[in-house]
Amino acid sequence: MPANIDMIEGLFTRSLNVLGSLRGEAKEGVRKGPHFPITRAAELVNRTPAAIRDAEKDGKIPAVERKASGRRIGYSLAEVNHMREVFSTRPWRAPGDPLSVIAVQNFKGGVGKSTVSAHLAQYLAIRGYRVCLIDCDSQGSSTALFGYVPDLDITEDETLYPFFRHAETTSLAYAVRETHWDGLYLIPANLKLYSAEYELAARMARADPTLLNRLGEGITSIGDHFDVIILDPPPALGTISLSVMRAANALLVPVPPTVVDFTSTTSFFAMLYETMAVMADRDMPVDLAWMRILATRADEQKSIQTELLGMMRSLFGETMLRTVLKDSAEIDNASARLMTVYELEKPVTSRETYQRCLTYLNATNAEIETQIRLTWPSHRESLKAIGVL
């Protein structure tokens, strides 16, 4: 028995060393966040390139840096957001609009949950929203996509763990950290959340099931600073996942179009239905403004996947997003560098593959953005103007 323990400890240590090396390659100097040419910046700010140049000439916004050749280097996300302030085009929710709390959830691993969460968070940040991604999974996959190795870079005091454990802690502000993306914040995770799962279950069995409200209370404590909060929960039905469901007001379900994943997701819906009924009976209802199913990791060159996608569209109807997030080597290559496709400075495979992947990501996230905005009364007129309403 001791030999087996030593062997596992050695595997863990060596694995951490490898992750540390990957972390070192993806650290400062590379993690600068996105930069945009003036045409893309103008699109994001909802103004013309000429309007941006005029504002620079008038001193309303700083002139962007130029290379020795005189060519513009590009605008950082912080500079784009400053332009949005100057032109009054930031898309923030109004004070009367509800905070959007999105759980990206399925009870099966390998469906692309963390990939979807991180890319959605960064897309919304590019669009100018104030976003917080809360990693609720002890594996810390979303945390890793921001360049951290959870059990090297993150301590338990920097995660949700102290908030779950200590009733006297009234705010989650202690755990919110800036990222290298302007307007995007992260509450990271590490293995200590695995302990929180059992501690919460034990405390609920002995005392009070309303501990499931704890995460929602924490989100409320920081909610005024954000437009969207994205929750990446564990791929299992446990106390943290139940807390996520109680805290969320929207649900995004990633489902790869395979028989195994479809079967698992069917079980997820059954458990979700039963769980929501039990929680409602205990005066802890799950109140969702919207729910959408997203086909992920799809390969439409495989005939069985094409058939399953058709069946899923027929079965789920409008609940399923129109866009399919297809399997892409660019996502895998970015993940190997502890980053997302939105952070790649150039294609890793080919320009065609990279652009195709970006197209799928942007289309998927744009659909989700529309779902978010539909819950905000202050956005009704602008949605009417573009024909959504």
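Since this is a predicted model, take the numbers as computed values, not measurements. (Residues numbered from 1 in each chain as written. Predicted model: local features only at pLDDT ≥ 70, side-chain atom pairs only at ≥ 80, totals over all residues. Heavy atoms only, no water.)

Caption draft 1: The nonpolar core, seen in detail. Residues Ile 52, Met 83, Ile 102, Leu 124 and Ile 230 are the most contacted members of the largest nonpolar core, which totals 57 residues. It is helix 5 (residues 113-126) that contributes the most residues to this core, 8 residues altogether. (Core = buried A, V, L, I, M, F, W, Y, C linked by side-chain atoms within 4.5 Å. Buried < 20%, exposed > 50% of the residue type's maximum accessible area, 1.4 Å probe, protein only. Helix = DSSP H or I, 4+ residues; strand = E, 2+ residues; numbered from the N terminus.)

Caption draft 2: Here's a closer look at the side chain of Thr 159. Here Thr 159 shows up in the loop between helix 7 (150-153) and helix 8 (161-165). There is a polar contact of 3.0 Å between the side chain of Thr 159 and the backbone nitrogen of Tyr 161. Apart from the residues lying within four places of it in its own chain, the contact partners of Thr 159 are Ile 154, Tyr 174, Ala 175, Pro 188, Ala 189, Asn 190 and Leu 193. (Polar contact = N/O pair within 3.5 Å; in protein donor to acceptor, adjacent residues only side chain to side chain. Contact = heavy atoms within 4.5 Å.)

Caption draft 3: Highlighting the packing of helix 12 (residues 259-281) against helix 13 (residues 303-316). Here helix 12 crosses helix 13 at 20°, and the two axes come no closer than 11 Å. Relative to helix 13, the element helix 12 is oriented roughly parallel. You can see that helix 12 and helix 13 cross each other, and the crossing is right-handed. Between helix 12 and helix 13, the contacting residues are Val 259, Phe 262 and Phe 269 on the first element and Leu 308, Met 311, Met 312, Leu 315 and Phe 316 on the second. (Axes fitted to C-alpha atoms, helices over the stretch in contact; angles between N-to-C directions. Parallel < 35°, antiparallel > 145°, perpendicular 65-115°, else oblique. Left-handed = near helix turned anticlockwise from the far one by under 90°.)

Caption draft 4: Unusual backbone geometry, seen in detail. Positioned with a positive phi, Ser 88 is a non-glycine residue whose angle comes to about 55°. Its identity as a non-glycine residue notwithstanding, Asp 283 has a phi of 60°, on the positive side. Residue placement: Asp 283 occurs in the loop between helix 12 and strand 9 (290-295). When its relative accessible area of 66% is taken as the criterion, Asp 283 is described as exposed.

Caption draft 5: Region of interest: the sheet that holds strand 4 (residues 131-135). What the 7 strands build is an open sheet, ordered 5-6-4-7-3-8-9; its pairing is mixed. Looking along the sheet, the strands with just one partner apiece sit at the ends: strand 5 (177-178) and strand 9. Summarising the sheet, strand 3 (residues 100-104) and strand 8 (residues 250-255) pair through 3 bridges and their orientation is parallel. Considered in strand 8, the bridge of Val 104 is made with Leu 252. (Pairing = 2+ DSSP bridges.)

Caption draft 6: Spatial organisation of helix 12. Over its 23 residues, helix 12 runs 33 Å from end to end, which matches the ideal 33 Å to within 8%, given 1.5 Å per residue. Every buried residue belonging to helix 12 is among Asp 261, Phe 262, Ser 264, Thr 265, Phe 268, Leu 272, Thr 275 and Met 279, and all of these are buried. Where helix 12 is buried, its residues touch helix 11 (239-247), strand 8 and helix 13. Two residues or fewer past helix 12, Asp 283 is found with a positive phi of approximately 60°. (Expected span 1.5 Å × (residues − 1).)

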